[in-house]
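Listed here are the chains, written in short residue letters.
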Amino acid sequence: MVGGSQFWGAALSQSGGVIDKNDTTGFLGFEGGYVVHPQFLVGIELSGWLLEESNTQDPSIGEGLMQAFLTTRYYPLPDSGLFVKFGGGYVSHWNNRPDEPRRLSGWGLTAAGGYDVLITESLPVLPFATPFVMYSFGEAGDLNHNAITGGIGLTITGNGKWRGAMH
């Protein structure tokens, strides 16, 4: 079993309906998965962009995008942390504006590349720092989004029998 979280910065473009805007925004994601083979991982990613913070003083403020994807990571070099990632699934755009639909649902795809760097072998779990670059596309209702995201994640595996940790 493998788990992780990512903290990312993103360049996000949205279009459709009356929206046509580009933003630089933060991104947060969580992944969990299973190592099928030392070079192949399958999992679930829950992630999203907060485009505008909600405000309890003004309930008409707030907007975001959410993704729930099935993902795969493939490590082409057996003793390396280099990986490519592909995934797809559900996308939801939400907002609190009174004259617009509160939630639009649709689908999306993602492709990424990155590298797992082992932080230490002295813990009962193996923590990896994971720098990566990712492209995401999604359609929710009549709204499209494209995002190029770069960041670093923390990946944790429960034992030392995983990819680059094998000796």
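Above this text sits the structure in question.
Let us look at the structure shown here. None of the values given here were measured: they were computed from a predicted structure. (Residues numbered from 1 in each chain as written. Predicted model: local features only at pLDDT ≥ 70, side-chain atom pairs only at ≥ 80, totals over all residues. Heavy atoms only, no water.)

1. Looking at the overall build of the protein
Within the protein one finds zero helices and nine strands. Its helices and strands in sequence order give the protein the pattern β-β-β-β-β-β-β-β-β, from N to C terminus. When contacts within the protein are restricted to residue pairs at least 6 apart in sequence, long-range pairs at least 24 apart make up 56% of them. In the form shown here, the protein has an accessible surface area of approximately 8,600 Å², with 64% of it arising from carbon and sulfur atoms. (Helix = DSSP H or I, 4+ residues; strand = E, 2+ residues; numbered from the N terminus. Contact = heavy atoms within 4.5 Å. Areas by Shrake-Rupley, 256 points an atom, 1.4 Å probe, with all protein chains shown as cover.)

2. A word on the environment of glycine 87
For glycine 87, the position within the fold is in strand β5 (residues 82-95). When the C-alpha atoms of glycine 87 and glutamate 45 are compared, they prove to be 8.6 Å apart, with 42 residues separating the residues in sequence. Setting aside residues up to four positions removed in sequence, glycine 87 forms contacts with Phe69, Leu70, Thr71, Gly108, Leu109 and Thr110.

3. Examining the pattern of salt bridges
A complete count under the given rule lists four salt bridges for this structure. Between glutamate 31 and arginine 73 there is a salt bridge whose closest N-O contact spans 3.3 Å. Taken together, the residues span a long stretch of sequence, with glutamate 31 in strand β2 (residues 19-37) and arginine 73 in strand β4 (residues 63-74) at a distance of 42 residues. Residues joined in a network through salt bridges with shared partners are Glu31, Glu45, Arg73, Lys85 and Asp116. (Salt bridge = Lys/Arg side-chain N within 4 Å of Asp/Glu carboxyl O.)

4. Re the side chain of glutamate 45
Locating glutamate 45 in the fold gives a position in strand β3 (residues 40-52). A residue is classified by how much of its surface remains accessible, and glutamate 45, at 0% relative accessible area, is buried. Polar side-chain contacts of glutamate 45 include one of 2.8 Å to the side chain of serine 47. (Buried < 20%, exposed > 50% of the residue type's maximum accessible area, 1.4 Å probe, protein only. Polar contact = N/O pair within 3.5 Å; in protein donor to acceptor, adjacent residues only side chain to side chain.)

5. What about the pairing of β4?
Of the pairings in the sheet, the one linking β3 to β4 comprises 12 bridges and is antiparallel in character. Residue pairing in the sheet places leucine 50 in a bridge with glycine 64 of β4. (Pairing = 2+ DSSP bridges.)

6. Some details on the packing of aromatic side chains
Within the structure shown, the criterion is met by two aromatic pairs. Ring plane angle 55° and centroid distance 5.6 Å describe the contact between tyrosine 75 and phenylalanine 83, whose orientation is recorded as tilted. Taken as a pair, tyrosine 75 and phenylalanine 83 share a single burial class, namely buried. The ring of phenylalanine 83 has arginine 73 lying over it, and the distance from NZ or CZ to the ring centre is 4.2 Å. (Phe/Tyr/Trp six-rings, centres within 6.5 Å; stacked < 30°, edge-to-face > 60°. Lys NZ or Arg CZ within 6 Å of the ring centre and 35° of its normal.)

7. Structural notes on the nonpolar core
Core analysis: the largest hydrophobic core is formed by eight residues, namely Phe27, Trp49, Leu51, Leu65, Ala112, Phe132, Met134 and Ala147. Of all the secondary-structure elements, those providing two or more residues to this core are β3 and β8 (126-140). (Core = buried A, V, L, I, M, F, W, Y, C linked by side-chain atoms within 4.5 Å.)

8. A word on a nonpolar patch on the surface
Taken together, the side chains of Tyr34, Val36, Phe40, Val42, Tyr74, Val84 and Phe86 present a nonpolar region at the surface, about 630 Å² in accessible area. Of all elements in the fold, only β2, β3 and β5 reach the threshold of two or more residues within the nonpolar patch. Looking at the secondary structure, you find tyrosine 74 in strand β4. (Patch = residues over 30% accessible without salt bridge, like charges linked within 9 Å, V, L, I, M, F, W, Y side chains within 5 Å.)

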